[in-house]
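For reference, the chains in residue letters:
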Amino acid sequence: MKFDESESLEQEIKSLLDQRKVRYDNACDSFEQLDFCIHSEQRADFHFDAKEKRQEVQLTNWPDVGLPQEHLFILDDLAARKVLKFAPNSGLVVRDNLRRLYFFFDVVRLFLMPRWRVNRPIEYNHPTVKGKWLVDLRNGVECASLLEVFEKIAEYHDAQEEIFHKRLACYGNFLGEKVGEGGITRKQEHWLKDRDSTR
């Protein structure tokens, strides 16, 4: 499907799902649900929010976290928590209108990747603050099209057994962190001792 900046991401998603006759719920007007829930006969329902980067981030308005403007995305802390509410079958889809790219963050990636959190002052009836995440889009799964995003959602579904039950090493290779080694070598007798002491 051709990238069309005049069409919102929400409209683009609905058009693609309708075209492919995918069953879905549209909750874009809800404050309680994520924007979309797609239904499948083969997989569990998947909930996700749809966000857009429509303009350059004014770097002078935010703490310097060392990210180039083109890779920086600002996300509400509340929006991230809503994704967690529907875990593990949930995520975030971002369309970067400036670079004509899409990024998919499954809930695991979203909460394990490095990010910077700040409270932004706002005035709404009375002065308060709104939590914001400064996110490096390169830590998402880059996609050339919306169709590829849905392919990545399916891949995440199919990888959940590995992610949640089999993988012992730290999950993900993210920009902004270096996973080193720590602790003494764990041996079988340590596990047996721990098991026996808790039974």
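Preceding this paragraph is the structure being described.
Remember, predicted model here, so these are calculated numbers, not experimental data.

### Observations concerning helix α1 (residues 9-19)
Thinking step 1. When α1 is considered as a whole, its buried residues turn out to be Leu9, Glu12, Ile13, Leu16 and Leu17. Summarising the axial view, the buried residues of α1 lie within an arc of 125 degrees, below the 170-degree limit, and thus occupy one face.

### Digging into the packing of α1 against helix α4 (residues 146-158)
Thinking step 1. For the pair α1 and α4, interaxial distance at closest approach is 10 Å and the crossing angle is 75 degrees. Overall, the two elements α1 and α4 adopt an arrangement that is roughly perpendicular. In this structure, α1 contributes Leu9, Glu12, Ile13, Leu16 and Leu17 to the contact, and α4 contributes Leu146, Leu147 and Phe150.
Thinking step 2. Of the residues that constitute the contact of α1 with α4, the class distribution is seven nonpolar, no polar and one charged.

### A short note on the pairing of strand β6 (residues 101-106)
Thinking step 1. Most of β6 is tucked away, with six of its six residues classed as buried.
Thinking step 2. Where burial is concerned, the two faces of β6 agree: the one with Leu101, Phe103 and Phe105 and the one with Tyr102, Phe104 and Asp106 are both buried.
Thinking step 3. The pairing of strand β5 (residues 90-96) with β6 spans six bridges and is classified as antiparallel. Bridging across to β6, Leu92 finds its partner in Phe105.
Thinking step 4. Where β5 folds back onto β6 in an antiparallel hairpin, the turn is made up of four residues, including Arg100, whose phi is positive at roughly 55 degrees.

### Side note on the sheet that holds strand β1 (residues 24-26)
Thinking step 1. Taken together, six strands build an open sheet; the order of strands is β1-β2-β3-β5-β6-β9 and the sheet is mixed. At either end of the open sheet lies a strand with only one pairing partner, and these are β1 and β9 (141-143). With strand direction ignored, the average angle separating the axes of adjacent strands in the sheet is 25 degrees.
Thinking step 2. For β6 and β9, the ladder comprises three bridges, and the chain directions are antiparallel. Residue pairing in the sheet places Phe103 in a bridge with Glu142 of β9.

### Section: the layout of surface pockets
Thinking step 1. By volume, the largest pocket is sized at about 580 Å³.
Thinking step 2. Considering the residues around the largest pocket, the lining is formed by 19 residues, among which Glu52, Arg54, Gln55, Phe73 and Ile74 are closest to the centre.
Thinking step 3. Secondary-structure elements contributing two or more residues to the lining of the largest pocket are β3 (46-53) and β4 (72-76).
Thinking step 4. Each residue belonging to the lining of the largest pocket can be placed in one class, and the counts come to six nonpolar, four polar and nine charged.
Thinking step 5. By volume, the second largest pocket is sized at about 400 Å³.
Thinking step 6. Taken together, 14 residues form the lining of the second largest pocket, with Ser30, Phe31, Lys51, Asp76 and Lys82 sitting closest to its centre.
Thinking step 7. Put simply, the parts of the chain that give the lining of the second largest pocket at least two residues each are β3 and α2 (77-85).
Thinking step 8. A per-class count over the lining of the second largest pocket returns five nonpolar, two polar and seven charged.

### Let's talk about α4
Thinking step 1. Under the 1.5 Å per step criterion, the end-to-end length of α4 is 19 Å for 13 residues, consistent within 8% with the ideal 18 Å.
Thinking step 2. Buried within α4 are the following residues: Leu146, Val149, Phe150, Ile153, Ala154, Tyr156 and His157. Seen along its axis, α4 keeps its buried residues to an arc of 160 degrees; they face one direction.

### Considerations on the nonpolar core
Thinking step 1. Core analysis: the biggest nonpolar cluster contains 40 residues, and Ile13, Leu75, Phe105, Leu110 and Phe150 have the highest contact counts within it.
Thinking step 2. Among all residues touching Phe150, those that are not within four sequence positions of it are Ile13, Leu16, Leu17, Ile38 and Phe48.
Thinking step 3. If you look at the next biggest cluster of nonpolar residues, it comprises six residues, including Leu67, Leu72, Ile74 and Leu134.

Calculation rules
Residues numbered from 1 in each chain as written. Predicted model: local features only at pLDDT ≥ 70, side-chain atom pairs only at ≥ 80, totals over all residues. Heavy atoms only, no water. Buried < 20%, exposed > 50% of the residue type's maximum accessible area, 1.4 Å probe, protein only. Helix = DSSP H or I, 4+ residues; strand = E, 2+ residues; numbered from the N terminus. Arc of directions from axis to C-beta. Axes fitted to C-alpha atoms, helices over the stretch in contact; angles between N-to-C directions. Parallel < 35°, antiparallel > 145°, perpendicular 65-115°, else oblique. Contact = heavy atoms within 4.5 Å. Nonpolar A, V, L, I, M, F, W, Y, C, P; charged D, E, K, R; others polar. Pairing = 2+ DSSP bridges. 1 Å grid on protein atoms, 1.4 Å probe; cavity = no way out; pocket = protein on both sides within 12 Å on 5 of 7 lines; lining within 4 Å. Points joined across faces, edges and corners; volume = space filled by probe spheres on them. Expected span 1.5 Å × (residues − 1). Core = buried A, V, L, I, M, F, W, Y, C linked by side-chain atoms within 4.5 Å.

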